[in-house]
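What follows is the residue order along each chain.
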Amino acid sequence: MLLVVLCLGGCEPPAGSDWTGTVIDSAGIRIVQNPAAPLWTAEEGWWVEEALRIAPREDVPETGFGYVVDVTMDGEGRVYALDRQARAVRAFDADGNALGTLGGPGEGPGGLG
């Protein structure tokens, strides 16, 4: 199954806040120690929102995945998933319907078709 999620929220402390953590440099490695109390309220923090779920269907082979290594989306909402095991890119519309497959196993070790 392929699950596309959006991580929403901020990664900077709220404007005007006083972060009380510390940053220590130890032999060129930056160690960040955050305070026990968060700076953000629940409304200001990170959350995950499911954007699309593509579940395997026996009648649509393109919906079965082996080892997805990358997922991207184009300007029209189509989703492209690079399946390393299948050696192919699978394309889906904005509703999760399979559009087709690019590539596939080729002849010989590591070959693409």
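The numbers attached to residues start from 1 for each chain and follow its sequence in the written order. Given that this is a predicted model, residues contribute local features only at a pLDDT of at least 70 and side-chain atom pairs are listed and counted only at 80 or more, while totals for whole chains, interfaces and linings are drawn from all residues. With hydrogens and water stripped out, all remaining heavy atoms of the structure feed into the side-chain values.

Caption draft 1: Summary view of the overall build of the protein. Here a strand is any run of E in DSSP of at least two residues, a helix any run of H or I of at least four, and the numbering for each starts at the N terminus. Scanning the protein from terminus to terminus reveals 0 helices and 8 strands. Taken from the N to the C terminus, the helices and strands of the protein come in the order β-β-β-β-β-β-β-β. With a 1.4 Å probe rolled over the protein chains alone, any residue whose accessible area is under 20% of its type maximum counts as buried; one over 50% counts as exposed, and the rest are partly exposed. A buried classification covers 19% of the 113 residues belonging to the protein. Contacts spanning at least 24 positions in sequence make up 40% of the contacts within the protein whose residues lie at least 6 apart. Whether two residues are in contact is decided by their heavy atoms: any pair within 4.5 Å suffices.

Caption draft 2: Summary view of the sheet that holds strand 8 (residues 98-103). The 4 strands are arranged 5-6-7-8 in an open sheet whose pairing can be described as antiparallel. Strands at the two margins of the open sheet, each flanked by one partner only, are strand 5 (68-73) and strand 8. Averaged over all pairs of adjacent strands, the angle between strand axes in this sheet comes to 20°, irrespective of strand direction. At least two DSSP bridges between two strands are needed for those strands to be called paired. Taken together, the 5 bridges between strand 5 and strand 6 (residues 79-83) define a ladder with antiparallel strand orientation. By the bridge assignment for strand 6, Met73 is matched with Val79. Orientation is described by axes fitted as lines to C-alpha atoms, over the contacting stretch for helices, and by angles from 0 to 180 degrees between their N-to-C directions.

Caption draft 3: The arrangement of the side chain of Asp83 in detail. Tracing the backbone shows Asp83 in strand 6. By relative accessible area, which is 1% here, Asp83 ends up buried. Polar contacts, as used here, are pairs of N or O atoms within 3.5 Å; protein pairs need one atom able to donate a hydrogen and one able to accept it. Residues neighboring in sequence count only if both atoms are side-chain atoms. Within the structure, the side chain of Asp83 is placed 3.1 Å from the backbone nitrogen of Gln85, a separation counted as a polar contact. If near-sequence neighbours (up to four positions away) are discounted, Asp83 is found in contact with Gly64, Phe65, Gly66, Tyr67, Val68, Ala88 and Arg90.

Caption draft 4: Representation of a nonpolar patch on the surface within the structure. Nonpolar side chains (Val, Leu, Ile, Met, Phe, Trp, Tyr) within 5 Å and like charges within 9 Å form the patches, drawn only from residues with over 30% relative accessible area and no salt bridge. Accessible surface area values rest on a Shrake-Rupley calculation with a 1.4 Å probe, where residue burial reflects the displayed protein chains alone. Criterion for a salt bridge: a side-chain nitrogen of Lys or Arg within 4 Å of a carboxyl oxygen of Asp or Glu. On the surface, Trp19, Val23 and Val32 cluster together into a nonpolar patch covering about 260 Å² of accessible area. Among the structural elements, Val32 can be located in strand 3 (residues 29-33).

Caption draft 5: Summary view of the packing of aromatic side chains. We call Phe, Tyr and Trp rings a pair once their centres come within 6.5 Å, taking the six-membered ring for Trp, and we label the pair stacked below 30 degrees between planes, edge-to-face above 60, and tilted otherwise. If you walk through the whole model with that rule in mind, you get 1 aromatic pair. On the numbers, 6.0 Å between centres and 50° between planes, the contact of Phe65 with Phe92 is tilted. Remark: Phe92 occurs in strand 7 (residues 88-92) and Phe65 occurs in the loop between strand 4 (47-54) and strand 5; sequence separation between them is 27 residues. For Phe65, a relative accessible area of 19% gives the class buried. Among the residues examined, Phe92 registers a relative accessible area of 0% and is labelled buried.

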